[in-house]
Structures are given as C-alpha cells and as structure tokens.
2 protein chains.
Amino acid sequence: MRVSLKDVAERAGVSIKTVSNVVNNYPHITPAMRARVQEAIDELGYRPNLTARHLRKGRTGIIALAVPELGNPYFAELAGAVIDAAAEHEFTVLLDHTRGDRQQELLVSQGFRARVIDGLILSPLELEPEDLQGRADDVPLVLLGEREYGLPFDHIAIDNVAAARTAVRHLLDRGRTRIAYLGTRTDSANRPAHLRLDGWRAELAAAGLPVDEELIVPVGGWDRDDGARAMANLLDAGLRPDAVFAFNDLIAIGAMRVLHERGLRVPWDIAVVGFDDIAESRFGAVSLTTIAPDKQAIARLAVASLLRSLSGRQDPGGRELTAEFRLVERESTLGRR
Amino acid sequence: MRVSLKDVAERAGVSIKTVSNVVNNYPHITPAMRARVQEAIDELGYRPNLTARHLRKGRTGIIALAVPELGNPYFAELAGAVIDAAAEHEFTVLLDHTRGDRQQELLVSQGFRARVIDGLILSPLELEPEDLQGRADDVPLVLLGEREYGLPFDHIAIDNVAAARTAVRHLLDRGRTRIAYLGTRTDSANRPAHLRLDGWRAELAAAGLPVDEELIVPVGGWDRDDGARAMANLLDAGLRPDAVFAFNDLIAIGAMRVLHERGLRVPWDIAVVGFDDIAESRFGAVSLTTIAPDKQAIARLAVASLLRSLSGRQDPGGRELTAEFRLVERESTLGRR
C-alpha cells in the first residue's frame, strides 16, 4: 500500500503540514524537526507523488519560465527564485531561454508546450505588444518587466525610472556632475533600457544640470564585453565623465575593467553604479554599488499571479504588480579621498 | 488547414531542413536566408507544433535537468548549454535545482515527474551510489560529474585528477612552490573536490616537492564568500603560500578579494588558478587563470546519451563519457615581475 503524507505525520508525531514543509525543503525548519520527519520518511519509505496530486486538479504541476539568457546572472538568479517560489506551491519549472530574440519570444508566448504546462512566465526583451494580441492560447501568461502592453496579462515590474533616478541622485550626492549613461541600443525595444535613460535625464534635469547627449553611450548588447567596449569608446572619444551609471551590473563590470586598464581609479577618478545586484557585484577588487530589484518578490508575485489565474476565478488580468528596489552602496561610489 | 514545415519550405523555395534550422534558431544561418524563411513563415502564419510531433513517438519532448544551484554561474552556463543541446533535438528542458542536498537529489532521481519527462540529466553533489540502487523508475537517467557509481547509468565527466595536475603544473612552471589548495570539505561527498585534491598531491609529488598538509584549506561551501573565508583563515594562521589552486572560480574570486584587501598582489605575491571558466573570470581587475571544462561537449554528450536510451535500442548503459578540458591562462598567473 502506498505510504501517505498522513502516515509519515503520524509516525513522526507531527502535523501533515510540517511533513509537507520538510518534503518541500522549506527553510525555517529546525534541524531537529527535519531529522525527526526524515526518520519517519526513511522508515516508511515514503515518496511524494506530486504529479498525481496535480492531475487530480486537472493540472500538470508545471509552469514554464522563459528568460532571455541564463548566462546572464540576473536571469539565472531570478530563475532560481522562481523555481523556489513555484516549489512552495509544489509546481516545477520548465525553463527556456530565448536569447532575447523577438521571434523566439513570440514562439514561446504562443502555445509553447500548451498541453504540458499550466501557465507561463515570460521575461521578454524584444516582444512588441502586437505580438501578444493574437494570442490564441488559453494558458495563463504573466509578463516580467515594466512595459505598457495594454493587454489582459498581469505583469511584474519595478519602477525603472524611479530606480534610475535613485542611482543618479546617489552620484550627485557624492559630488559627481558629469555622469555618463552606459546602455542605450537604438535597435532594441528593451523598454527598461529606455526607462532608465529617462530616469537619468529626469534626475539631471531636477538637479539643474545640463544633459550632455555625448555622455549617453550605446552598447551592442547587455554583457560584460559590451560594457567594456562602450567605456573604451567613450574614453577614446576624449570624453572624461566623473561617474558612470550602467544599464546593468554586467555592463558596469566591463566598464570597470577598462577603467582599470586605462589607469583610471574607481571610485576616485570615476564612480560607477550598476543595476541588478548580481552576486558578482559584491566581489572584485572594487565592489559595485548597484540598484537591487527584489528578485524574490518578483518571483513570488509572478507565481502568485499565475496561481490566481489557475484558481478558475474570473480574473480580468492586466494588472501591473510592482516589486521594490533598493540602492546598495559599495566601494565603487565611496566619497572622494 | 494547418500550415506545415513543407508549406513554408515550398513558399520560401528552400529545403525543409533549412526551415527547421531557422525555426529552431540554429546558428550558422545567413541573415538573408533567415529573412527569406521568416517571410514565408509570416505570410503563411506557420506555427510549429513540437508537442504533437513528440506525442506521435510516445514522448513528451521534455527532459529534466537537475543541478545543485542555478546561482552558481557554472551550473547556469551548463544549464544554458543543455537547453541549447536539447533544442537541437527539439526537446525542452525542465529545470530544477537541488541545493546540493542529498535528500533532494534522491527525490529527483526517483520518479521526478515520471509521467511528464522522457529522461533526466542529474548533476549530483552529495548523492551516494546506494541511493541509486533501488531506483524503480524506468525514466532514462544520465549523471554529470566524475564518480564511480558502478551502476547502469551513463555519466559524463572530465578527468578531474588530470585537470588539477595541469593547474598545479602550470603554477610550478611559473616558479611557484608553496601552492595551497582551497576547497576541501570533510562533510561532503563532492567527489570532484576530492579528485582535484588528489591531483594537487600527485603533481606536487611528481615534482619532488613536499606536501604541506597545512596548505590544504577547508571550505564551508562552494561560493565566493566561502573562498574569501578560507583565504582569510589561511593568512590568519600565519601561512603565506606563493600560489593558490582553488576548487572552482567562485572560491578563487573570493580568495582574490581577500588578497586585495590584505595588500597582497595577484599574481606578483600570490598566483591564483581557478576551475570552471565562468564568464566572470575574464573580468575583474585581475583576470583569472582557470581550467575550462568543455561545457558544450558535456551538454551534447548528456543529451546524446539520453537520446540513445530513448531510441529503444538495447543499451546496457554505465558508460563514462569524457569531455575535454583546457587551461586558460590569464593575468592571475602571469610571470613574476
């Protein structure tokens, strides 16, 4: 006979919920409690059958997550957070990366594994609102990233303009006045990149500083070497800002490498602020000040939003759910010596 | 009527294979060809139906991949490579991370989503061979990482002893003689960590150098801050090696941060070699010399091995399939000035 969660709970003398928590490997369980439940699991040979539980509800227990690039630590960390948030509700995550290609994003948004998945979380880079208009699929969809789609899908975002203004304000507070923005791409629909540029402009204007268009530096992509090339281009053009606000941490890290090679000292000669708070930004010879979006909150909101759709309640969708961000101050913006 | 791949090929005047390559977003397709096929796709409104194609073969078209930690760039980059390798065969990847917890690895290895997935690629950290002996599941399993399980599952590995010897040999060639090894854990079954230590010992012995057990430094985990703590512990104990070989790049990066804080210059005072060749190791003020396992080859071998099992041919399994590695020389081991 199949061993149930209830059998394990009785043997261990704990609640079914506690056994469930241990089986799902939740945090905040004491080692003693974990050991006690584990002992009962081992004795009885209990093996959870998540699939059957979902099938009874007409679900597969699988949600899909599509991000542009797993090689980008921000998306890898976000994917880890989504996997953890989904696991709390006993869902498993089917992961794909689109390489930020509009056609791939379109394919994913339309019927990607429609018979297998209960819902889809999509983090688009290049997808346009019109791409989603003809969406025939009835699989619930949640979008990540700030964007006005005007469509009945929830999307989870942080306030990119406010975050960028916070970053620029921090540099102004440190006495910097010639602040470059690294990370525009004329050929990209990447909305956060445009919004962060808007925030940069707005905060400079609020400080009564002139906006020097030469300090807006295009990038060829969103990775470290794109940041390195952009910084080199800026310096080679004879421009010498006293601070850099980068679209993301990877671009900032590439830029700092070039500054180091050119003998410019961060933060003394040029201060640098990134965006994303990837783990890497805490290390390196100079740790990086950055805007930290609350990745756990983004993941939890996205999963909760999908579950709301799955609950079968009438739901118009189309909400914008906002996660918080904070500025993390590190060595790259220390005060001048 | 449903538009087929053949319809698209005829409209574009190309082969079905070419259309398939474009749809699957393969590299090495000229932009002109891509545009030509895309035009036909758009005109006809073609939408691939991978699920149906797999279902006809009695498959779901989904393989699972379980890695210890997506927050570790090595595993994120490896997962990206597996997703790409699987996509070449029109398989999608269901991803989970186990946090290197033996119980989680056990759960995954036993019937994880057995009704949904066609096969499982598992990268275990703590799983013991006996955990796999009672495996009732008939879902094909491939293991990643060097380990003698003596069980009928293929596993994909690099030669960790040879790789570690290559790293230590490189340091010896640079005139270093007091080479610390950062990355033992007495409480862990992590086999590669033990094998790399074996390689360190073997190469020192081959060079006729004494093995100083004090230079074998335990770590509390495999992340950057574990490396930082281990390096601090070594220095605080009054030990001053002239080189460090770290179990992985993250530990090396944490160690370099502490060396920088203590005013020790890499490579002049202490040379550092890592392992994994994560993208991050190319950047930072001092780029990191490292052992680069061929992640694409590991991914391709793992997917090919699963597909062999799926083909239905009698297959005893239990092969060890070896991927190559190479030493990537960077600034952290430049010759002394």
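Residues numbered from 1 in each chain as written. Chains lettered and ligands numbered in written order. Predicted model: local features only at pLDDT ≥ 70, side-chain atom pairs only at ≥ 80, totals over all residues. Heavy atoms only, no water.

If you look chain A up in an unreviewed UniProt entry, it shows as LacI family transcriptional regulator from Streptomyces apricus.

### Here's the deal with the packing of aromatic side chains
Stated formally: In this analysis, rings of Phe, Tyr and Trp, with Trp reduced to its six-membered ring, are considered paired at centre separations within 6.5 Å, and the interplanar angle assigns stacked below 30 degrees, edge-to-face beyond 60, and tilted for intermediate values. Summary of the burial criterion: residues with accessible area below 20% of their type's maximum are buried, those above 50% are exposed, and those between are partly exposed, where the area comes from a 1.4 Å probe applied to protein chains only. Think of it this way: any DSSP run of H or I at least four residues long counts as a helix, any run of E at least two long counts as a strand, and we number them from the N terminus. The criterion is that NZ of a Lys, or CZ of an Arg, lies within 6 Å of the ring centre and within 35 degrees of the ring normal, and then a charge sits over that ring.
Applying the stated criterion across every chain, the model contains 10 aromatic pairs over all chains. Ring centres of A:Tyr74 and A:Phe75 lie 5.3 Å apart, and the angle between their planes is 75°; this geometry places the pair in the edge-to-face category. Residue A:Tyr74 shares its accessibility class with A:Phe75, and that shared class is buried. Centre to centre, the rings of A:Phe245 and A:Phe275 are 6.5 Å apart; their planes meet at 45°, and the pair counts as tilted. Of the two residues, A:Phe245 is situated in strand 8 (residues 243–246) and A:Phe275 in strand 9 (residues 271–275); the sequence distance between them amounts to 30 residues. The residues A:Phe245 and A:Phe275 share a single accessibility class, namely buried. Connected via pairs of aromatic rings, a cluster forms that spans A:Tyr181, A:Trp200, A:Phe245 and A:Phe275. Lying across the ring of B:Phe275, B:Arg196 places its NZ or CZ 3.5 Å from the centre.

### Examining the environment of B:Glu90
All names here are of chain B. As for its position among the elements, glutamate 90 is in the loop between helix 5 (73–87) and strand 2 (92–97). The class of glutamate 90 is buried, set by a relative accessible area of 15%. Along the chain, glutamate 90 and isoleucine 62 lie 28 residues apart, while their C-alpha atoms are 8.9 Å from each other.

### Thoughts on the sheet that holds strand 2 of chain B
Under the convention used in this document: Strands qualify as paired when DSSP identifies two bridges or more between them. As a rule, the C-alpha atoms of each element are fitted with a line to give its axis, helices using only the stretch in contact, and angles between N-to-C directions run from 0 to 180 degrees. Whether two residues are in contact is decided by their heavy atoms, any of which lying within 4.5 Å being enough.
With mixed pairing, 12 strands are arranged side by side in an open sheet as 11(A)-5(A)-4(A)-3(A)-1(A)-2(A)-2(B)-1(B)-3(B)-4(B)-5(B)-11(B). At either margin of the open sheet sits one strand with a lone partner, and together these are strand 11 (320–322) of chain A together with strand 11 (320–322) of chain B. Ignoring which end each strand starts from, the neighbouring axes of this sheet average 25° apart. Sheet topology places strand 1 (residues 62–67) of chain B next to strand 3 (residues 119–122) of chain B; four bridges connect them, and they run parallel. For B:Ala64, the partnering residue across the bridge sits in strand 3 of chain B and is B:Leu120. Against the sheet, helix 12 (residues 295–310) of chain A makes contact with strand 1 (62–67), strand 3 (119–122), strand 4 (141–144), strand 5 (155–157) and strand 11 of chain A, and its axis sits at roughly 160° relative to strand 4 of chain A, the strand it touches most.

### Here's the deal with the pattern of salt bridges
Here is the rule: Within this document, salt bridges are pairs made up of a side-chain nitrogen of Lys or Arg and a carboxyl oxygen of Asp or Glu, the two lying within 4 Å of each other.
Scanning all chains against the criterion turns up 38 salt bridges over all chains. Between B:Arg257 and A:Glu331 there is a salt bridge, with its nearest N and O atoms 2.4 Å apart. One end of the pair, B:Arg257, is in helix 11 (residues 249–261); the other, A:Glu331, is in the segment after strand 12 (325–328), on a second chain. Note on B:Arg257: relative accessible area 10%, which makes it buried. On the accessibility criterion, A:Glu331 (25% relative accessible area) is partly exposed. Salt bridges here are not isolated pairs; linked through shared partners, they connect A:Arg165, A:Arg169, A:Asp173 and A:Glu203.

### What about the packing of helix 1 (residues 5–12) of chain A against helix 2 (residues 16–23) of chain A?
Residues and elements named next belong to chain A. To keep it simple, the criterion reads: To sort the angles, those under 35 degrees are grouped as roughly parallel, those over 145 as roughly antiparallel, those from 65 to 115 as roughly perpendicular, and the leftovers as oblique.
Look at helix 1 against helix 2: their axes get within 8 Å of each other, and the N-to-C directions meet at 105°. Considered as vectors, helix 1 and helix 2 are oriented roughly perpendicular to each other. Contacts between helix 1 and helix 2 pair Leu5, Lys6, Val8 and Ala9 from the former with Ile16, Val19, Ser20 and Val23 from the latter.

### As for helix 9 (residues 191–206) of chain B
Residue and element names in this part refer to chain B. Counted only if it meets this: For a helix, the expected span equals 1.5 Å multiplied by the number of residues minus one.
With 16 residues, helix 9 should cover 22 Å at 1.5 Å per step; its first-to-last C-alpha distance of 22 Å lies within 8% of that length. Among all positions in helix 9, only Pro192, Ala193, Leu195, Arg196, Leu197, Gly199, Trp200, Glu203 and Leu204 are buried. In this structure, the buried side of helix 9 is in contact with helix 8 (160–173), strand 6 (179–184), strand 7 (216–218), strand 8 (243–246) and strand 9 (271–275). Where helix 9 ends, the next residue or the one after it, glycine 208, has phi of about 70°, a positive value.

### Quick notes on unusual backbone geometry
For the peptide bond that leads from A:Val266 to A:Pro267, omega is 5°, which places it in the cis range. Assignment of secondary structure puts A:Pro267 in the loop between helix 11 (249–261) and strand 9. The backbone of B:Asp276 shows a phi angle near 130°, a positive value even though the residue is not glycine. By the secondary structure assignment, B:Asp276 is in the loop between strand 9 and strand 10 (289–293). Even without a glycine there, the phi angle at B:Asp277 is positive, about 55°. With respect to the element layout, B:Asp277 can be found in the loop between strand 9 and strand 10.

### A look at the nonpolar core
To keep things clear, this is the line we draw: Within this scheme, the nonpolar core is defined by two criteria: the residues are buried Ala, Val, Leu, Ile, Met, Phe, Trp, Tyr or Cys, and they are joined through side-chain atoms within 4.5 Å.
Ranked by size, the top nonpolar core spans 163 residues in total, and within it A:Leu182, A:Phe245, B:Leu182 and B:Phe245 carry the most contacts. In contact with B:Leu182, not counting residues within four places along its chain, are B:Val217, B:Val219, B:Gly227, B:Ala230, B:Met231, B:Leu234, B:Val244, B:Phe245, B:Ala246, B:Phe247, B:Ile251 and B:Ala255. If you look at the next biggest cluster of nonpolar residues, it comprises 28 residues, including A:Leu143, A:Phe153, B:Ala64 and B:Leu132.

### Overview of helix 1 of chain A
All names here are of chain A. Spelled out, the test is: Read the arc as the range of directions from the helix axis to the C-beta atoms.
Among all positions in helix 1, only Leu5, Val8, Ala9 and Ala12 are buried. Along the axis of helix 1, the buried residues cluster in a sector spanning 100°; they form a single face. Elements in contact with the buried residues of helix 1: helix 2 and helix 3 (31–44). The positive-phi residue at the C-terminal boundary of helix 1 is glycine 13, with phi of around 70°.

### Some details on the environment of A:Arg224
Stated precisely, the cut-off is as follows: The term polar contact refers here to a pair of N or O atoms within 3.5 Å; inside protein, the definition further demands a hydrogen-donor-capable atom paired with an acceptor-capable atom, and it admits residues adjacent in sequence only when both atoms are side-chain atoms.
Turning to its location among the elements, A:Arg224 is positioned in helix 10 (residues 224–236). A relative accessible area of 2% places A:Arg224 in the buried class. Each C-alpha atom, one on A:Arg224 and one on A:Asp249, is 8.2 Å from the other, the two residues being 25 residues apart in sequence. When neighbours within four sequence positions are excluded, A:Arg224 is seen to be in contact with A:Pro73, A:Leu250, A:Ile253, A:Gly254, A:Glu280, B:Ala279, B:Glu280 and B:Phe283. At 3.4 Å, the side chain of A:Arg224 forms a polar contact with the side chain of A:Asp223.

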